[in-house]
Number of protein chains: 2
Amino acid sequence: MGMVTDSEDVTENGSALARSQAARRRRVLDVTLAMADRGGFDAVQMRDVAAEAGVALGTVYRYFESKERLLLEANVEQVELLGERLLERPPEGTEAVERVVDVLNRACRWLTRRPDATAAMVRALGSARPTEADAVARISTSMGQIITAAMHAGEPTERDLAVARILTQVWLASLVGWVGGVDGPEVIARDLERAARLLIA
Amino acid sequence: MGMVTDSEDVTENGSALARSQAARRRRVLDVTLAMADRGGFDAVQMRDVAAEAGVALGTVYRYFESKERLLLEANVEQVELLGERLLERPPEGTEAVERVVDVLNRACRWLTRRPDATAAMVRALGSARPTEADAVARISTSMGQIITAAMHAGEPTERDLAVARILTQVWLASLVGWVGGVDGPEVIARDLERAARLLIA
DNA sequence: TAGGGAATTAGAACGTGTTCCAATATGGGA
DNA sequence: TCCCATATTGGAACACGTTCTAATTCCCTA
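Rules used in this analysis
- Residues numbered from 1 in each chain as written.
- Chains lettered and ligands numbered in written order.
- Predicted model: local features only at pLDDT ≥ 70, side-chain atom pairs only at ≥ 80, totals over all residues.
- Heavy atoms only, no water.
- Helix = DSSP H or I, 4+ residues; strand = E, 2+ residues; numbered from the N terminus.
- Rg over C-alpha atoms; globule rule 2.2 N^0.38 Å.
- Buried < 20%, exposed > 50% of the residue type's maximum accessible area, 1.4 Å probe, protein only.
- Contact = heavy atoms within 4.5 Å.
- Areas by Shrake-Rupley, 256 points an atom, 1.4 Å probe, with all protein chains shown as cover.
- Lys, Arg positive; Asp, Glu negative; His and termini not counted.
- Charge placed at Lys NZ, Arg CZ, Asp CG, Glu CD.
- Phe/Tyr/Trp six-rings, centres within 6.5 Å; stacked < 30°, edge-to-face > 60°.
- Lys NZ or Arg CZ within 6 Å of the ring centre and 35° of its normal.
- Near = heavy atom within 4 Å.
- Polar contact = N/O pair within 3.5 Å; in protein donor to acceptor, adjacent residues only side chain to side chain.
- Nonpolar A, V, L, I, M, F, W, Y, C, P; charged D, E, K, R; others polar.
- Least-squares fit on C-alpha atoms with pLDDT ≥ 70 in both.
- Buried area = accessible area lost by both parts, 1.4 Å probe.
- Salt bridge = Lys/Arg side-chain N within 4 Å of Asp/Glu carboxyl O.
- Expected span 1.5 Å × (residues − 1).

## Notes on the overall build of chain A
For step 1, the next point in the chain: For chain A, the count of helices and strands is 11 helices and 0 strands.
For step 2, the next point in the chain: The order of helices and strands in chain A, counted from the N terminus, is α-α-α-α-α-α-α-α-α-α-α.
For step 3, the next point in the chain: Its C-alpha atoms give chain A a radius of gyration of 18 Å, within 12% of the compact-globule value 17 Å for 201 residues.
For step 4, the next point in the chain: Along the first, second and third principal axes, the C-alpha set of chain A runs to 55 × 40 × 30 Å.
For step 5, the next point in the chain: Taken across its 201 residues, chain A has 52% of its residues classed as buried.
For step 6, the next point in the chain: Partitioning the contacts of chain A with sequence separation of at least 6, the portion at a separation of at least 24 is 69%.
For step 7, the next point in the chain: Split by element, the accessible area of chain A, about 9400 Å² in all, is 52% carbon and sulfur.
For step 8, the next point in the chain: Of the charged side chains in chain A, 25 are positive and 30 negative; the average position of the first set lies 4 Å away from that of the second.

This is the structure in structure tokens:
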């Protein structure tokens, strides 16, 4: 549970100011996710987020410099949550390939089960600008860790890291394709499985 | 030169109406590319495109349903052009791996040489919606063909196609990462080379 | 408990993608 | 050649992300 750093630290700080700020931030994030869940990127409108979270529009912008950042931060948490879930019930399979495929499939199912929220995340990822680089990096790092963890216990080798990185990229590109309407969710699963089998001997 | 279907057919049609329409369309596309080249996605403003192309704003929208579509169509041509360039001077190397790496490197250099235009394309790709699915598909298909062509002459096998698809996805995701400021152009080249070497035994 | 500095608020305002419309220009067919 | 469908135009209008400001509220500290 020691993965998240910033937000949690603030929560622990007993100062009343910090506490109310953390609470506000949380409310905004929650509202954002809820709205993204039903309607995707376009359904998340800054004015609405502010109104529903009970804060002023300017306050939302004080916490999140842009709509993309807001959506990215909300989804960093989600992906990290996904990582924890996957750890709780470890991937099945005796071979590394099998475990990785299993984990990728589960991740895929988990994401496509909330299509609008995922679409919103992907669109934010796809139109991210350098200011949001750190949030984008956090997401792909999380995904990379999920994959290396599935390979085997202990430190991943150089090669493991390279393979995980490629799989993360295939994962991202597949999602972009899916959100862009190029192909359906079954194609994501197929592509990921094929990539895993080709990369992990 | 028989790859492009729609637009060229129209050009061949001698009707005066069709000819002036094709000319307008071309002007808009050219202006779009020029603007994207210096300033990226944000520098392409619909009003400016219309003004500089000498047409009304409504006319731009008659030809291209959205800014994303406009940028995508303009870049489909560019990627197809890239494909032709790469065919003119065939990739170097006796092994398939070498040829693919060569082609990927050249494609990468070609794209990062016009950073703003590429950034605009990637951002359009990343925020594409299902309405633009066909344009997105054309771009990744082109890239896929570039890669399979580099592998060997003749029909690509099932496995070739799968590998090419993965490499296309890595290519796309790398570009997204680059545009998003996560990593520099040298990382794209490194990732692509590693992926190619891992996938093509 | 009073003062001061920071956070928050409400709302106006701006930029740009997108839509809409009435008026006009254009080109093909009778 | 004249007429009509249709493409084009100019510009207003709208939506939403983003910025800005003046007034207000909140909390820490002396």
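## Focus: the packing of aromatic side chains
Residue and element names in this part refer to chain A.
For step 1, the next point in the chain: Applying the stated rule across the entire model yields 2 aromatic pairs over all chains.
For step 2, the next point in the chain: Aromatic pair Tyr 63 and Phe 64: ring centres 6.4 Å apart, planes at 40 degrees, arrangement tilted.
For step 3, the next point in the chain: On the basis of relative accessible area, Tyr 63 is assigned to the partly exposed category, the value being 21%.
For step 4, the next point in the chain: Cation over ring: Arg 114 sits above Trp 110, and NZ or CZ is 4.9 Å from the ring centre.

## Regarding the protein's contact with DNA strand C
For step 1, the next point in the chain: Around DNA strand C, 20 residues are found, and the nearest of them are Arg 24 and Thr 59 of chain A together with Gln 45, Arg 47 and Tyr 61 of chain B.
For step 2, the next point in the chain: Considering the 4 Å shell around the protein, atoms of DNA strand C inside it are sugar or phosphate in 65% of instances.
For step 3, the next point in the chain: Within the backbone of Ala 56 of chain A, an N or O atom sits 2.8 Å from a phosphate oxygen of DNA strand C.
For step 4, the next point in the chain: Between DNA strand C and Arg 62 of chain A, the relevant distance is 3.3 Å, taken from a phosphate oxygen to a side-chain nitrogen or oxygen of the residue.
For step 5, the next point in the chain: Where the surface near DNA strand C is concerned, the elements lending two or more residues are helix H2 (16-37) and helix H5 (57-63) of chain A together with helix H2 (16-37), helix H4 (46-53) and helix H5 (57-63) of chain B.
For step 6, the next point in the chain: Looking at the surface near DNA strand C residue by residue, the class counts come to 9 nonpolar, 6 polar and 5 charged.

## Quick word on the relation of the copies chain A and chain B
For step 1, the next point in the chain: Overlaying chain A with chain B gives an RMSD of 0.1 Å, the required rotation being 180 degrees about an axis along which the chain moves by 0.0 Å. The transformation just described matches what one would write down for a two-fold rotation axis. No C-alpha of chain A lies nearer the rotation axis than that of Gly 126 of chain A, which sits 1.9 Å from it.
For step 2, the next point in the chain: In this assembly, 100% of the residues forming the interface of chain A have copies in chain B that are likewise at the interface, indicating an isologous arrangement.

## Quick look at the protein's contact with DNA strand D
For step 1, the next point in the chain: The environment of DNA strand D is formed by 21 residues, the closest being Gln 45, Arg 47 and Tyr 61 of chain A together with Arg 24 and Thr 59 of chain B.
For step 2, the next point in the chain: Near the protein, within 4 Å, the atoms of DNA strand D are sugar or phosphate in 67% of cases.
For step 3, the next point in the chain: In the model, a phosphate oxygen of DNA strand D is placed 3.1 Å from a nitrogen or oxygen of the Met 46 of chain A main chain.
For step 4, the next point in the chain: Here Arg 62 of chain B contributes a side-chain N or O atom positioned 2.9 Å from a phosphate oxygen of DNA strand D.
For step 5, the next point in the chain: Listing elements by their share of the surface near DNA strand D, those giving two or more residues are H2, helix H4 (46-53), H5 and helix H6 (67-88) of chain A together with H2 and H5 of chain B.
For step 6, the next point in the chain: Here the element with the most residues in the surface near DNA strand D is H5 of chain B; it accounts for 3 residues.
For step 7, the next point in the chain: Per-class residue counts for the surface near DNA strand D are 9 nonpolar, 6 polar and 6 charged.

## Quick look at the interface of chain A and chain B
For step 1, the next point in the chain: Chain A puts 34 residues into the contact, and the matching count from chain B is 35 residues.
For step 2, the next point in the chain: Buried surface at the junction of chain A and chain B, summed over both partners, amounts to about 2800 Å²; 61% is from carbon and sulfur atoms.
For step 3, the next point in the chain: Broken down residue by residue, the surface that chain A buries against chain B is led by Arg 165, Gln 169 and Leu 198 of chain A, which jointly contribute 19%.
For step 4, the next point in the chain: Connecting chain A to chain B are 6 salt bridges.
For step 5, the next point in the chain: For the salt bridge of Asp 183 of chain B with Arg 165 of chain A, the shortest nitrogen-to-oxygen distance reads 3.0 Å.
For step 6, the next point in the chain: Summed over the shared surface of chain A and chain B, the result is 10 residue pairs in polar contact (both at pLDDT 80 or more).
For step 7, the next point in the chain: In terms of residue class, the side of chain A that touches chain B is made up of 19 nonpolar, 6 polar and 9 charged.

## Observations regarding H2 of chain B
All names here are of chain B.
For step 1, the next point in the chain: Helix length check: H2 (22 residues) gives 32 Å between terminal C-alpha atoms against 32 Å at 1.5 Å per residue, within 8%.
For step 2, the next point in the chain: All buried positions along H2 are accounted for by Ala 18, Ala 22, Val 28, Leu 29, Val 31, Thr 32, Leu 33, Met 35 and Ala 36.
For step 3, the next point in the chain: Capping the start of H2, Ser 15 holds a side-chain oxygen 3.0 Å from the backbone nitrogen of Ala 18, two or three residues further along.
For step 4, the next point in the chain: Of the residues flanking the end of H2, it is Gly 39, one or two places downstream, whose phi is positive at about 130 degrees.

## Notes on the environment of Val 79 of chain A
Residue and element names in this part refer to chain A.
For step 1, the next point in the chain: Topologically, Val 79 is positioned in helix H6.
For step 2, the next point in the chain: Considered as a pair, Val 79 and Asp 134 are 55 residues apart in the sequence and their alpha carbons are 15 Å apart.
For step 3, the next point in the chain: Aside from chain neighbours lying at most four places away, what touches Val 79 is Met 121, Ile 139, Ser 142 and Ile 146.

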